[in-house]
Amino acid sequence: MCANVPAVPDRPVPDRPVPDRPVPDPVVPDPAALRPLSARSVVLSLLLGVHPPELPVRDLVRLVEPFGVGGSTLRAALSRMVAAGDLRRTDAVYRLSDRLLERQRRQDDAVRPRTRAWHGDWEMVVITATGRGPAERAELRARLTALRLAELREGVWLRPANLDRPLPAEVHRVALTYTARPDEPPGELAARLWPLAEWAATARSLLAHAARADRPADRFTAYAAAVRHLLADPVLPPVLLPADWPGEELRTAYAGYRRDLGAGLGARGA
């Protein structure tokens, strides 16, 4: 159950944008993020981008060919992915496993985040569970980060309360949740919690890379990196973002590419 931290009820939401901050030189995406994708990565990217997340092997053979993946390489990769629990096979159709359906849901949310009007409140999650090992702590940190929370200090996570999503039960089992209004100016707090200028510079670089790509494989690789980058977008209220924030531009570009890809698949890609 969410408890409310006492707050001044009439504290207004700032109605002015965050002051402009120096913009760093354009960030070149990590070369590892744009390296040619493996057969496994190509298959997963294709299936994560279509609904329902399944494709016949004949379509996969055709679709991976532009990426330099031959039929024998593809079939070997598919066999390994089924054995590893990444895919399920029914006759000649491969689909994402239940485990990866959650990843597709997060990817879909990254492209179309569900938001609500922001009135100045912040979500705050305070970890209360003790005795957890390093692996459990790392897993919880990854989970909270995926929920677009940021760590203020060890065990204290928060974000503006503008996302239309509940916190999952596993978070409530290890933490107390509050609604709070920090005394620190919200724009300054957001800039302290998230590397906004760096995220924006990388997003612009990815957009430029995708626009320059003239081969299908290069565009595919660029947009695979783009959707990974969108997963790290904090999705803040517009008033807390720097000027010319490229998040929506990157989402629109990726959504357009996914529609084009879905049309090429003969499937619905959104």
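Computed from a predicted structure; not experimentally measured.

A.B. asks: Break down the overall build of the chain for me, citing the residues and quoting the values.
C.D. replies: If you tally the helices and strands in the chain, you get ten helices and eight strands. Across the 270 residues that make up the chain, the buried fraction comes to 45%. A separation threshold of at least 6 residues defines the contact pool for the chain, and within that pool the share at least 24 residues apart is 77%. Approximately 14700 Å² of the chain is accessible, and the part contributed by carbon and sulfur atoms is 55%.

A.B. asks: Explain the nonpolar core to me, and be specific about the residues and the numbers.
C.D. replies: The biggest cluster of nonpolar side chains holds 60 residues, and the ones touching the most others in it are Leu46, Leu78, Leu87, Trp122, Trp194 and Phe220. Counting residues per element, this core draws most heavily on helix H9 (residues 216-230), at eight residues. Residue contacts for Trp194: discarding those within four places in its chain leaves Trp122, Arg148, Leu149, Ala150, Leu158, Arg159, Pro160, Pro234 and Leu236. Of all hydrophobic cores here, the second largest spans eleven residues; its members include Val125, Ile127, Leu144 and Val171.

A.B. asks: Please set out helix H1 (residues 39-48) residue by residue, giving values where relevant.
C.D. replies: Among the ten residues of H1, seven are classified as buried, and the element is accordingly described as predominantly covered. Among all positions in H1, only Ala39, Val42, Val43, Leu44, Leu46, Leu47 and Leu48 are buried.

A.B. asks: Requested: an account of the sheet that holds strand S4 (residues 93-96), with residues and values cited.
C.D. replies: By definition, the strands of a sheet pair up through backbone hydrogen bonds, in either a parallel or an antiparallel sense. If you walk across this open sheet you meet the three strands as S2-S4-S3, and the pairing is antiparallel. What marks the edges here is a single partner per strand, and that holds for strand S2 (54-56) and strand S3 (87-90). Strand after strand, the sheet turns through a mean of 25 degrees between neighbouring axes, direction not considered. Where helix H2 (residues 57-64) meets the sheet, its contacts fall on S2 and S4, and the angle it forms with S2 comes to roughly 90 degrees.

A.B. asks: Can you break down the environment of Leu231 residue by residue, with the values?
C.D. replies: Tracing the backbone shows Leu231 in the loop between H9 and helix H10 (247-265). On the basis of relative accessible area, Leu231 is assigned to the partly exposed category, the value being 30%. Dropping the residues within four chain positions of it, Leu231 is found in contact with Arg106, Gln107, Ala110 and Arg148.

The rules we used
Residues numbered from 1 in each chain as written. Predicted model: local features only at pLDDT ≥ 70, side-chain atom pairs only at ≥ 80, totals over all residues. Heavy atoms only, no water. Helix = DSSP H or I, 4+ residues; strand = E, 2+ residues; numbered from the N terminus. Buried < 20%, exposed > 50% of the residue type's maximum accessible area, 1.4 Å probe, protein only. Contact = heavy atoms within 4.5 Å. Areas by Shrake-Rupley, 256 points an atom, 1.4 Å probe, with all protein chains shown as cover. Core = buried A, V, L, I, M, F, W, Y, C linked by side-chain atoms within 4.5 Å. Pairing = 2+ DSSP bridges. Axes fitted to C-alpha atoms, helices over the stretch in contact; angles between N-to-C directions.

This is a description of form; function is not addressed.
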